[in-house]
Amino acid sequence: MTQTPLIIAFDGPAASGKGTLATVIAADYGLPFLDTGLLYRAVGHLAFHNDVPLHDPAALSELAGEITPELLALDALRGREAGERASQVAAVPEVRAALNAFQTGFANQPAGAVLDGRDIGTVIAPHAHVKIFVTAAPEVRAHRRWLQLSKANPALAPGDVLNDIRIRDARDSGRADAPLEMAADALLLDTSDLGIEAAIAAARSLVKDRSGR
Ligand code: DC
């Protein structure tokens, strides 16, 4: 008997752990995985390096057509500045529209898929079989992000990372188009008090319960 494809959506704020959890779940179920934040990071990176201003939506949206696998593999996209630029271009509706078809195509491929982002359960795959909204207290997320970033930048102040997180949360949740919000049928996973193994166990259990697989 062939099973229907399984679509799993992970949404949540910056540094909530959703990317790690989505990667593990995708491997568990043998599903293709898309980190949609990387697409916005790529547009923000191209805009910065090509001097495309934030107030030029048409030019910004054209950058979506220049995303290549090589660009998505760049270490520079994983950094702090890239996250901030991504959040800025992500508030531009034309950029979101330009990235929409690729994401919906990915979500609806015959094999099924796991995607993580901000609007997967609400906009990109509202029909996803499992939606998990991963969150954690801003201080906890900032500390995790600081642990990662301070390896390359030991002078980085923890307070600056918390400030970044608060600004990004406000922008991602406050924008008019596809803001960060929990879908009505999403399951909440608060990882504030969970270590990585416990968070993975909790995510596995939610996916199993909701999908029946
Ligand atoms: O998940 P991330 O930190 O890589 O995302 C970077 C930014 O991209 C985030 O601050 C908001 C934006 N984003 C978005 O608006 N919608 C998505 N589906 C994914 C990311």
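Nothing here was measured: the structure is a model prediction, and the numbers come from that model. (Residues numbered from 1 in each chain as written. Predicted model: local features only at pLDDT ≥ 70, side-chain atom pairs only at ≥ 80, totals over all residues. Heavy atoms only, no water.)

**Student:** What is the right way to look at the pairing of strand S3 (residues 112-117) in this model?
**Tutor:** Across a regular strand the side chains alternate sides, sitting on one face of the sheet and then on the other. Burial analysis of S3 places six of its six residues in the buried class, the great majority of the element. Burial along S3 is two-sided: Gly112, Val114 and Asp116 and Ala113, Leu115 and Gly117, pointing in opposite directions, are all buried. Here strand S1 (residues 6-11) pairs with S3 via six bridges, running parallel. Bridge assignment links Phe10 to a residue of S3, and that residue is Asp116. Note that strand S2 (residues 33-35) and S3 share three bridges and pair parallel. Pairing of Phe33 across the sheet is with Val114, part of S3. (Buried < 20%, exposed > 50% of the residue type's maximum accessible area, 1.4 Å probe, protein only. Helix = DSSP H or I, 4+ residues; strand = E, 2+ residues; numbered from the N terminus. Pairing = 2+ DSSP bridges.)

**Student:** Sorry, what's going on with the layout of surface pockets here?
**Tutor:** Once rolled over the atoms, a probe with the size of a water molecule shows which space is left empty. Reported here for the largest pocket is a volume of approximately 860 Å³. Around the largest pocket sit 39 residues that line it, and Ala15, Lys18, Gly19, Arg41 and Arg145 are the ones nearest its centre. Among the secondary structure elements, those contributing two or more residues to the lining of the largest pocket are helix H1 (18-29), S2, helix H2 (37-49), helix H5 (80-90), S3, helix H8 (138-152), helix H9 (158-174) and helix H10 (196-211). For the lining of the largest pocket, a count of residues per class yields 14 nonpolar, 12 polar and 13 charged. (1 Å grid on protein atoms, 1.4 Å probe; cavity = no way out; pocket = protein on both sides within 12 Å on 5 of 7 lines; lining within 4 Å. Points joined across faces, edges and corners; volume = space filled by probe spheres on them. Nonpolar A, V, L, I, M, F, W, Y, C, P; charged D, E, K, R; others polar.)

**Student:** I would appreciate a short explanation of H1 in the present structure.
**Tutor:** The periodicity of an α-helix, 3.6 residues per turn, causes residues three or four positions apart to be oriented the same way. Look at H1: 16 Å from first C-alpha to last across 12 residues, which is about the 16 Å you get at 1.5 Å a residue. Restricting attention to buried positions, one finds in H1 the residues Lys18, Leu21, Ala22, Val24, Ile25 and Ala26. Looking at the buried positions of H1, the neighbouring elements they touch are S1, S2, S3, strand S4 (130-135), strand S5 (187-190) and H10. The positive-phi residue at the C-terminal boundary of H1 is Gly30, with phi of around 65 degrees. (Expected span 1.5 Å × (residues − 1). Contact = heavy atoms within 4.5 Å.)

**Student:** Can you help me understand the nonpolar core in this one?
**Tutor:** If you look at soluble globular proteins, the nonpolar side chains tend to sit buried side by side. Formed by 31 residues in total, the largest nonpolar core has its most connected members in Val43, Leu60, Leu63, Val95, Leu99 and Leu115. For this core, the secondary-structure elements that each account for two or more residues are S1, H2, helix H3 (57-63), H5, helix H6 (93-107), S3 and helix H7 (120-124). If one sorts the elements of this core by residue count, H2 sits on top with seven residues. Residue contacts for Val43: discarding those within four places in its chain leaves Leu60, Leu63, Ala64, Ile67, Val89, Val95 and Leu99. By size, the runner-up hydrophobic cluster in this structure holds 20 residues, among which are Ala22, Ile25, Leu187 and Leu189. (Core = buried A, V, L, I, M, F, W, Y, C linked by side-chain atoms within 4.5 Å.)

**Student:** Quick question: what am I supposed to make of the packing of aromatic side chains here?
**Tutor:** With the rule as written, the count across this model stands at one aromatic pair. Residues Phe102 and Phe106 carry aromatic rings whose centres are separated by 6.5 Å and whose planes lie at 50 degrees to one another, so their mutual orientation is tilted. Within this pair, Phe102 and its partner Phe106 are both found in helix H6, separated by four residues, close to a single helical turn. Its guanidinium or amino end placed over the ring of Phe48, Arg85 lies 3.5 Å from that ring's centre, counting from NZ or CZ. (Phe/Tyr/Trp six-rings, centres within 6.5 Å; stacked < 30°, edge-to-face > 60°. Lys NZ or Arg CZ within 6 Å of the ring centre and 35° of its normal.)

**Student:** Mind showing me how you'd approach the site of the ligand here?
**Tutor:** Neighbouring the ligand are 15 residues, the closest being Arg41, Arg96, Arg168, Asp172 and Arg175. A distance of 3.5 Å separates an oxygen atom of the ligand from a polar side-chain atom of Lys18. One of the side-chain nitrogen or oxygen atoms of Thr36 is found 3.0 Å away from a nitrogen atom of the ligand. When the free accessible area of the ligand is taken as 450 Å², the share hidden by the protein chains comes to 96%. Counting residues per element, the ones that place at least two in the shell around the ligand are H2, H5 and H9. Across the shell around the ligand, the residue classes tally to three nonpolar, four polar and eight charged. (Near = heavy atom within 4 Å. Polar contact = N/O pair within 3.5 Å; in protein donor to acceptor, adjacent residues only side chain to side chain. Areas by Shrake-Rupley, 256 points an atom, 1.4 Å probe, with all protein chains shown as cover.)

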